[in-house]
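# What the coordinates show
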Amino acid sequence: MFLCLVLGTIFVLFPFFWMTATSLKVEGKGMTFEFIPKRVEVLGPFKLQVGTAPEGKMKNDLTELTSDSSFAIGWSAPEADGITFEITDQDGNKKIESPSLNKDKNWIVANSLPSGNYSYQVTINRSWSAAWHSLYTLENFRKIALNPNYPFLKFLRNSFMVAFSTAFLTVILCALAAYVFAKKEFPGKQVLFWTFMSAMMIPGMMFMVPQFALVTRFGWINTIFGLVVPHLANVFGIFMLRQMMIGIPDSLFEAARMDGASEATIFYRIVVPLVMPSLAILFLLTFVGQWNNFLWQLLVNTPESDLITLPVGLAMFRGQYETQWEQMMAASCFSVMPIVILFLFTQRYLIEGLTAGGVKE
Amino acid sequence: MNRSLKTVIPFLLPFTAVFAVFLLYPAVYSVYLSFLKATIYTDLSRIFSDMKWCGLENYQKLLYDTNFYWSLIMTLYYAVLVIPMNIALSLVLASILSNELPGAKFFRAAFYLPNVLDLFVIAVVWTAIYAPNYGVIDQLTAALGLEKIFENGILADPWWAMPGIAVSVVLKGSGFGMILYLAAIQNIPRDIYEAADIDGASAWQKFTKITVPLVKPITLLLVVTGILGSLMAFSEIYAMTGGRPYETLPDSIPFFGGTTQGTTNLSGYYLFSKFYVAQEYGYAAAISVALLIISLPLSILSFFAFQSEGPSLRKLSSILLKKLRSRTAKAI
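Computed from a prediction, not measured in an experiment: that's the story for all the values here.

Calculation rules
Residues numbered from 1 in each chain as written. Chains lettered and ligands numbered in written order. Predicted model: local features only at pLDDT ≥ 70, side-chain atom pairs only at ≥ 80, totals over all residues. Helix = DSSP H or I, 4+ residues; strand = E, 2+ residues; numbered from the N terminus. Rg over C-alpha atoms; globule rule 2.2 N^0.38 Å. Contact = placed C-beta atoms within 7 Å. Buried ≥ 20, exposed ≤ 12 C-beta atoms within 10 Å, placed from the backbone. pLDDT = per-residue confidence, 0-100. Nonpolar A, V, L, I, M, F, W, Y, C, P; charged D, E, K, R; others polar.

## So, the overall build of chain A
- On a plain count of helices and strands, chain A comes out with 15 helices and eight strands.
- In summary, chain A has a C-alpha radius of gyration of 32 Å against a globular reference of 21 Å for 361 residues, an excess of more than 25%.
- Taken along the three principal axes of its C-alpha coordinates, chain A extends 105 × 50 × 35 Å.
- Sequence-distant contacts, at least 24 apart, represent 74% of the contacts inside chain A between residues at least 6 apart.

Next up, the structure:
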């Protein structure tokens with residue numbers, strides 16, 4: 001049973017592991033199953049033809065030069081401790097095996113060979129640290145952070161700004177309204193409450209077209225208002241906070257009123273501290289929800305916007321770097337890591353908030 | 001009465017104002033917009049205030065739009081793939097976790113983690129996993145010495161693209177169902193299981209005869225929210241296939257024969273493509289309204305299913321408990 005759980009975890013978190021592993025590897029190795037750095041690496045055998053016109057080729061860190069009767073091979077990566085070249089002719093006879101070379105003398109020349117086909121292979125010995133660095137690197141993250149066309153640090157700031165301000169304002173608006181619904185009587189209360197609740201039954205995507213039209217007419221495209229304001233009316237928030245506030249005993253309010261406290265004071269000094277945990281949960285849920293609100297952020301930002309958020313930035317980045325898997329995974333990592341870290345610290349509240357009664361995303 | 005209003009208004013006004021402008025008005029405006037269309041005289045820089053009344057034209061177009069019907073059928077197919085997988089995985093995980101093994105808290109968090117991450121980003125990661133040649137599937141088959149299963153990766157295969165998307169979405173989303181199931185299972189009184197033990201029920205019998213029926217409200221909730229989620233599915237399609245691969249259907253298929261359809265073009269994505277890509281705002285509004293009419297009964301059902309989940313669960317379990325008690329009493 002325990003084994004099931006471990007296997008299940010690996011299975012469910014597999015994309016997450018794969019993303020992290022890929023983003024930490026050097027270019028070209030990200031998507032391979034190579035996870036343990038190799039101290040001894042054998043490259044090749046590569047084919048080689050002697051007896052043609054002079055020619056030079058580069059294969060990653062290998063350089064080969066051939067001419068009519070000789071050739072030279074060089075290894076240009078600086079981190080190898082010992083390099084051995086082995087040259088075989090077409091019948092499989094070993095022709096030349098070089099002594100172990102090092103980074104100062106890292107190439108060999110073979111002279112006066114009869115023309116024909118040969119093959120060669122290269123054996124590279126590395127120290128542990130060199131082997132580690134030949135597989136793992138933070139370079140991808142550096143490239144992502146410093147990319148001038150796709151400033152991911154700015155995207156990060158924008159995402160944070162949007163998620164934080166939406167969550168903060170949502171909590172304030174919901175707390176104010178929920179207090180009234182929980183503890184006050186006024187004409188039209190039931191009607192208003194059920195009008196709010198009925199909006200919860202309309203799936204969010206149905207609001208996409210008209211909200212976009214509204215934001216366009218307000219001239220809010222590419223502005224923080226366009227990104228934040230349409231999401232402030234969080235009906236689920238009212239619903240959840242009202243449930244908590246109903247539980248506050250009325251005697252507290254009466255006592256405060258006797259002491260001459262105003263409504264604002266009562267709200268600020270009694271209600272807010274008492275429902276603080278619920279406010280925190282609502283804040284977290286809204287923060288995470290807005291961080292992940294890809295569709296709306298895509299609509300409200302045009303490509304030249306200053307407020308492009310992480311997922312939208314990632315979508316644009318992907319259009320340009322389709323095959324640069326390592327960098328793309330680094331960018332993905334960069335987008336989800338803040339939420340992963342937040343989750344690690346607050347998972348108890350996030351999960352509790354969910355079971356407390358949240359369905360509506 | 002007047003005084004009570006006066007104290008209430010400052011508290012209510014901010015929320016009500018935002019609600020009225022950004023939820024209530026749009027709901028009405030959406031319907032109005034569906035009767036408008038852009039003409040060649042429309043000033044595109046202020047398109048929303050310069051569209052012309054066109055009566056039911058958008059709805060007429062929708063009625064004959066084979067792409068729309070196709071997207072609905074694909075949505076149904078997607079729902080049929082995702083929902084059972086999701087329910088099975090969540091329920092299995094939850095019932096294993098409910099045994100209170102060491103580290104249960106850790107595993108609960110681990111399973112739930114993918115659920116808080118951005119669907120779009122996770123879907124991008126899945127495109128890397130599914131990628132042709134470099135992807136995990138192609139490398140695994142190559143390592144086992146098998147032939148490539150999919151010519152250009154699973155997401156370019158008209159038959160397998162949708163199951164591929166479904167698997168990735170289920171793995172991401174099942175943590176949510178697991179948490180709900182876990183809470184429901186922990187609410188089941190232990191006596192029921194103890195009574196079943198006395199009757200000599202096997203673990204499998206306890207699972208199918210006690211656990212599964214008692215968590216039925218959650219299952220219903222997951223089915224309904226699953227259908228709604230499928231109707232609104234967007235990010236995963238946008239990230240993974242963009243509605244592709246497009247196939248021209250053979251004439252033998254009734255109704256759709258001869259048309260070209262995106263094999264992963266779900267209704268939510270179709271709405272997006274009409275709205276954002278083709279910029280047919282009036283038509284997109286009409287699609288919204290049609291989808292709303294389809295989803296509204298389900299939404300209402302899910303709302304009340306969730307409201308009543310607590311009481312109905314307790315009622316069900318007490319009935320079952322009574323039944324079991326009488327049976328054990330007879331046995332003794």
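## What about the overall build of chain B?
- Regarding its fold elements, chain B presents 14 helices and four strands.
- Counting all 332 residues of chain B, 44% fall into the buried class.
- A fraction of 72% describes how many contacts in chain B between residues 6 or more apart in sequence connect residues 24 or more apart.

## A few points about unusual backbone geometry
- In this structure, N222 of chain A is a non-glycine residue whose phi angle is positive, near 65°.
- By the secondary structure assignment, N222 of chain A is in the loop between α7 (208–217) and α8 (224–228).
- A positive phi angle is found at Q279 of chain B, which is not glycine, with a value near 55°.
- Topologically, Q279 of chain B is positioned in the loop between α12 (267–277) and α13 (281–307).

## Examining the confidence of the model for chain B
All names here are of chain B.
- Across chain B, the average pLDDT comes to 82, with 89% of residues at or above 70.
- Least confident of the elements in chain B is helix α14 (residues 309–331), whose mean pLDDT is 48; most confident is helix α3 (residues 66–97), at 92.
- A low-confidence stretch, residues 309–317 (pLDDT under 50), is modelled with twelve contacts involving residues beyond four sequence positions or located in other chains.
- Taken together, the chains of this predicted complex give a pTM of 0.83 and an interface ipTM of 0.83.

## Quick word on the interface of chain B and chain A
- Opposite the 69 residues of chain B that make contact, chain A presents 70 residues.
- Secondary structure elements with two or more residues in the side of chain B that touches chain A: α1 (2–33), α3, α4 (104–116), α5 (119–130), α7 (161–187), α10 (216–231), α12 and α13 of chain B.
- When residues in the side of chain B that touches chain A are grouped by element, the largest group, 17 residues, is from α1 of chain B.
- Per-class residue counts for the side of chain B that touches chain A are 55 nonpolar, 13 polar and one charged.

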